[in-house]
Structures are given as structure tokens and as C-alpha cells.
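# Commentary on secondary and tertiary structure
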Amino acid sequence: MQICAIKKMNMTKITVARGDGIGPEIMEVTLEILFAAGAKLQIDEIEVGEKVYLSGNTSGITKESWDVIRRNKIFLKAPITTPQGGGYKSLNVSTRKFLGLYSNVRPCMSLHPFVKTKHPIMDLVIIRENEEDLYAGIEHQQTDEVVQCLKLISRPGCEKIIRYAFEYAKQQKRKKVTCFTKDNIMKQTDGLFHKVFDEIAEEYPDIENEHWIVDIGAAKLADTPEAFDVIVMPNLYGDILSDVAAQITGSVGLAGSANIGEECAMFEAIHGSAPLIAGQNIANPSGLLQGAIMMLNHIGETAVAENIQNAWLKTIEDGIHTSDIFKEGISKKRVGTKEFAKAVIANLGLKPGLLNVVTYANSTSLHLPSYKRKPAAKKELLGVDLFVHWRGSHADELATFMHSMATSNLQLSMITNRGIKVYPDGFKETFCTDHWRCRFMSCDGQQISNGAIIELMSAALAIQIDIIKTENLYAFDGVKAYSLGQGQ
Ligand code: NAD
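Here the residue numbers are simple positions, counted from 1 along each chain's written sequence. It should be noted that, the model being predicted, local features are given only for residues of pLDDT at least 70 and side-chain atom pairs only at 80 or more, the latter also being counted only at that level, while totals for whole chains, interfaces and linings use all residues. In computing side-chain values, all of the structure's heavy atoms are included and hydrogens and water are not.

### Topic: the pairing of strand β5 (residues 123-129)
- Classification of residues uses two cut-offs on accessible area relative to the type maximum, computed with a 1.4 Å probe and protein chains only: under 20% is buried, over 50% is exposed, and between them is partly exposed. Secondary structure elements follow DSSP: runs of H or I of four or more residues count as helices, runs of E of two or more count as strands, with numbering from the N terminus. Where burial is concerned, most of β5 is hidden: 6 out of the 7 residues are buried.
- Two strands are counted as paired when DSSP detects at least two bridges linking them. In this sheet, β5 lies alongside strand β4 (residues 103-109) in antiparallel orientation, the contact comprising 7 bridges. Bridge pairing in β5 places Met109 opposite Asp123.
- Where β5 meets strand β10 (residues 230-233), 4 bridges bridge the pair, whose relative direction is parallel. Opposite Ile126, over in β10, you have Ile231 as the bridge partner.

Have a look at this one:
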């Protein structure tokens, strides 16, 4: 009965979470603006974040709330506080991954001359991979001195996000897609991202493409953002650089973000819960409002989205500014969160005079083909890296133990410490920790069996070598699929 009534009124049912810190204040006024503009939304509210964490739920969300999010598929979320330490996992990261929200779209645009910025001509979109990379959050302490975090990059992950970036550029009539990676160092992980970028770029001959090493790319972005249009990046770089990009437009409080999956989507501000300014009516609600406008465009309420965006641009142009962007000589009136929202509502139906008036035509929702798994490659096991916890300090001494373990199939080829080769021919100057990687390769260069590795590990056990992990060394279709030691 209720569903019929909703359909009749053409309403979209969405899930809303008011979040923590400044979350409730900015969500309250964002919803006021959406309804004042006539958004046809029906809201299911859920509680997530700090209160749920502190009630003993380390995920920050209940099963019932997941059910609501999955049923409605569209989620407007205010920022939440992730308690530090204590085994709490970030609910933002879990939500993106549980719901398969692989694409994080973060537009950053300067509002010159109405918001002070060193970069008057800036209008770029960061498309951040949202599900993998170091944000897999798989971390371990392995020795007294060393902890590790696994960086996971998958072909489906790369293909989905990079295709999304090109399709987004095509839909939004943007001219160039840039890729940032660090594949000069991480040749396997970032190397795959870059390789897939080159492959997919070929399918879009009308869109310019380029690749930058992320460090100089980041420097260029902070210095000359007008050189970029759409930038696609692995998760960590995208997280960091979208904050930089938003901040250099004038304030991190100005940018919104869409997290898009094949079935569900979540919309939010890019900033956090800003606990120090919470409850004071001073937060800028623009980031969440921008997220909400992206949501309206996604669900096809483009006329409402257009009306709100033009009213917001006009408000910024009128110099009605919250404290984070208020500047004497540029701004006209310093206002609080609520007053800013009232000004946006008063401007509904009006358009900016100097800033570009926006027109939104169709839903921005993109329907990309699902990933199709490729045929399996020929996979050959060629050796193994044994990671060893050893408190000695001379690699040559460790090598003596390792040579004594060699089997008929596997022989020691190298030892590294934190990636740098220390045997054979190490430097005495190299600082070594208690975490050693001992590489054993097949004696004849031919494939070995898993049993050969077990034999090697038994030999290690017999002389009380503490093996903390192993990594198998493979070739796929005849191409060696592991990195060399540094200095090898
Ligand atoms: P933050 O973004 O909350 O704040 C950074 C700085 O920007 C602060 O000075 C803050 O006052 C200011 N700021 C942020 N939003 C503003 C706004 N709308 N108006 C005016 N000023 C604003 O980052 P943080 O301090 O590193 O993180 C605080 C908490 O938020 C942490 O618990 C973190 O885990 C969480 N967080 C949540 C999200 C999310 O929910 N998507 C994102 C980032 C951080």
C-alpha cells in the first residue's frame, strides 16, 4: 500500500544518517534546502557512527540499518567520527566496500572572485578508486620491529574505476583524463593500474589521456590545478589529493562526493565531522549540499538539482559566507550554518550573475558493463620468498643458515631487508631490522611444486628459523610476476 502511494507521488525513498560532530547541523539544513526546492524524497533515518560504536558495536552500524540502506539503495550520509584505535573499523570504508561503491567522484571547483583562492581557474574532478589499495586495511605486526599493510590492486578494480572515469568524462563533456600512480616504484600494483589505464584509454580516442607519477602530479595539482580536468587514482592517493584539491578551492567544506556502485550509491561531503566546531552553528553545509545535489542528479531529479545549485552559486556570489570562506574585502556578510541555508532557500529560482549558470539535462547515473573475468593465465611456481624474524645483524650469517636449508629443488638467491638487497654483496652501511626476506628460486629455472616449499619450511623448522610468512613467486603466461630486490 505504502509503496504504491510512494510510486504514485513519484517519490524516491532514500536513507539518511545525520552522523557526528557537525553532521546533524549540516544535514538538518541540507534537508531543509532539498525540501524547499521541492525534491521528491521520502526519508528513512538511521543512526550510525560514534553512538553506535560507543554502545559496543565496533562496526558503527546495526544490522537493521544495513537492511534499510540496502533496501533504499540511495544513502545521504553526514560525516561520522571514527574513534581512533580500539579495534574500530572505519564505517565509511566498510560502507563503500560492503555496497560495492567502487567509484568516488569528487568535483573541486574554484568560485573566483567570490571565494578567496590562489587558483582562480580550477574545475577538476577526482575519481578515486574506493574499494582496494592500502584501504583493504589488512595489517599485521610480524616481528618486534616491523608491521606491514597489504596493498591490494585488482584487475577488475582497475578496469571498473578507469572505465568509469572515461565514461564520466564522456558524459560530462570533459576533455582529458589523467592517471596518477607511483609505478616507477610499485611496478606490480601501481604498474597494473597504469597498464589498465593505457588499455582503456585506447577505447576513448576523443578524450585526451596522460599519466603522471603521483608525487610530481600532486605538486602540479597543488600549484597549477587548471592543468587538470578528470584525474583517476588508486584509493590512498585519491583520498589525500581530493582533500588538497578541495582545500585549495578555498575550503575543504565546499566539496561534495558521490560513491557509486552498480546497485547502490552514497552521497556525502568530502570533509569529516569537524568535532571542534560542532554545535556552534558555524560549519559550512556546502560540502554535504553538493553531495545532495549529486544525489538528485543521480536519481534524475535534475531540475531540482539545477535550481539548488544556481541558488547556492548566487548565495556565494552575494558574499553570504560561513566563517571558513569569509574574507574581509571579498565577503559581504558572515553567517552561520542556518543563516547560510536560509539565504540559499531565498535564492531558489534565481541564478548567479558572473559564475557559470548550471543546466542539468539527464540523470548522471552511468550504466557500465559488468566486469567479465578473463580466461585464466598459465601460472607457474618458480620460487618462494621466506620472510624470517631474525635478531642477528649480519646478512652473511643468516645466509649460512639459509644455504644449509636448500633442498634439491630450491636454492637461496638473495636476502633483502625492508626491500634492499643485503646478500649477496650487501653494503655494511645498510641499516637492518629483524625482518628479513630470503628468496629461494627453483634450481633449474623450471616450475616447482608446493611440496618443495613445504620441504623448505620443514628444513627451517628443524633449525628453529622463525618463518613469519611466505610469498610464492609465480610467472603468469611466462612473465615473471614479482618484483626484484632493490639493488638486485
Ligand atoms: P575534518 O574534515 O573533520 O576537519 C578538518 C578541518 O577542516 C578542521 O579544521 C575542521 O574544522 C575544518 N572543516 C571541516 N569541515 C568543515 C565545514 N563543513 N565547515 C567549516 N570547516 C570545516 O577532518 P579531521 O579533523 O581529520 O577528522 C575528524 C573526524 O572526521 C575523524 O574522526 C575522522 O575519522 C572523521 N572523518 C569522517 C569522514 C566521513 O565521514 N566521510 C571523512 C573524513 C574524516
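### Overview of the site of the ligand
- We define proximity as follows: a residue is near a molecule or strand when any one of its heavy atoms falls within 4 Å of that partner. In the region of the ligand, 20 residues are neighbours, and Ile80, Asn92, Gly272, Ala274 and Asn284 sit closest.
- Pairing of N or O atoms within 3.5 Å defines a polar contact, subject to two protein rules: one partner must be a possible hydrogen donor and the other a possible acceptor, and residues neighboring in sequence count only if both atoms are side-chain atoms. For the ligand, a nitrogen atom lies 3.2 Å from a polar atom in the side chain of Glu268.
- Taking Ser273, its main chain carries an N or O atom lying 3.0 Å from an oxygen atom of the ligand.
- In this classification, the charged set is Asp, Glu, Lys and Arg, the nonpolar set is Ala, Val, Leu, Ile, Met, Phe, Trp, Tyr, Cys and Pro, and all remaining amino acids, among them Gly, are polar. A class-by-class count of the residues in the shell around the ligand yields 9 nonpolar, 8 polar and 3 charged.

### Some remarks on helix α9 (residues 235-248)
- Helix span is expected to be 1.5 Å times the residue number reduced by one. The end-to-end C-alpha distance of α9 is 20 Å, a good match for the 20 Å that 14 residues give at a rise of 1.5 Å each.
- Those residues of α9 that sit buried are Asn235, Tyr237, Gly238, Leu241, Ser242, Ala245, Ala246 and Ile248. End-on view of α9: buried residues confined to an arc of 160°, all on one side of the axis.
- Any two residues whose heavy atoms approach within 4.5 Å are treated as being in contact. Buried residues along α9 sit against β4, β5, β8 (176-181), α7 (189-201), α8 (214-223) and β10. Working note: the arc is built from the helix axis to C-beta atom directions.

### Quick look at the domain arrangement of the protein
- Domain extents, as shown, originate in an automatic or database domain assignment. Split by domain assignment, the protein resolves into domain 1 (1-100 + 258-360), domain 2 (118-249) and domain 3 (379-480).
- Carbon and sulfur atoms make up 49% of the area that domain 2 and domain 3 hide from each other, which totals about 690 Å².
- Here a salt bridge means any side-chain nitrogen of Lys or Arg lying within 4 Å of a carboxyl oxygen belonging to Asp or Glu. On the surface where domain 2 and domain 3 come into contact, there are 1 salt bridge.
- The interface formed by domain 2 and domain 3 holds 7 residue pairs in polar contact (both at pLDDT 80 or more) in total.
- When its residues are assigned to classes, the side of domain 2 that touches domain 3 shows 2 nonpolar, 4 polar and 2 charged. By convention, the term buried area covers the 1.4 Å-probe accessible surface removed from two parts as they join, with the contributions of both added.

### Here's the deal with the pattern of salt bridges
- Counting across every chain of the model gives 30 salt bridges.
- Linking Glu159 and Arg155 is a salt bridge whose minimum nitrogen-to-oxygen distance equals 2.8 Å. Here Arg155 and Glu159 lie together in helix α6 (residues 155-171), a separation of 4 residues that amounts to about one turn.
- Overall, Glu159 belongs to the buried group, its relative accessible area being 11%.
- Linking Lys428 and Glu429 is a salt bridge whose minimum nitrogen-to-oxygen distance equals 4.0 Å.
- Overlapping salt bridges, with partners in common, bring together Arg155, Glu159, Lys195, Glu199 and Lys374 in one network.

### As for the packing of α8 against α9
- Contact geometry of α8 with α9 gives a least axis separation of 10 Å together with a crossing angle of 15°. The angle between α8 and α9 falls in the class roughly parallel. In this structure, α8 meets α9 at a crossing whose hand is right-handed. Taking contact as the criterion, the partners of Val214, Ala218, Leu221 and Ala222 in α8 are, on α9, Tyr237, Leu241, Val244 and Ile248. What counts as an axis is a line fitted to C-alpha atoms, over the stretch in contact for a helix, and the angles between N-to-C directions run from 0 to 180 degrees. Angles below 35 degrees are treated as roughly parallel, those above 145 as roughly antiparallel, those between 65 and 115 as roughly perpendicular, and all remaining angles as oblique. A clockwise turn of the near helix away from the far one marks a right-handed crossing, whereas an anticlockwise turn of less than a right angle marks a left-handed crossing.

### Here we look at a nonpolar patch on the surface
- Exposure above 30% relative accessible area and the absence of a salt bridge qualify a residue for a patch, where like charges join within 9 Å and nonpolar side chains (Val, Leu, Ile, Met, Phe, Trp, Tyr) within 5 Å. Only the protein chains shown count as cover for residues, and the accessible areas themselves come from Shrake-Rupley with a 1.4 Å probe. A surface patch of nonpolar side chains, about 280 Å² in accessible area, is lined by Leu276, Ile277 and Ile282.
- By the secondary structure assignment, Ile282 is in the loop between β12 (265-269) and α10 (286-299).

### Structural notes on the sheet that holds strand β1 (residues 12-17)
- One open sheet holds the 10 strands; their spatial order is β2-β1-β3-β12-β11-β4-β5-β10-β8-β9, and the pairing between them is mixed. Every interior strand has two partners, whereas the edge strands, β2 (41-46) and β9 (208-213), have only one. Averaged over all pairs of adjacent strands, the angle between strand axes in this sheet comes to 25°, irrespective of strand direction.
- The sheet strands contacting α9 are β4, β5, β8 and β10, and the helix crosses β5 at an angle near 155°.

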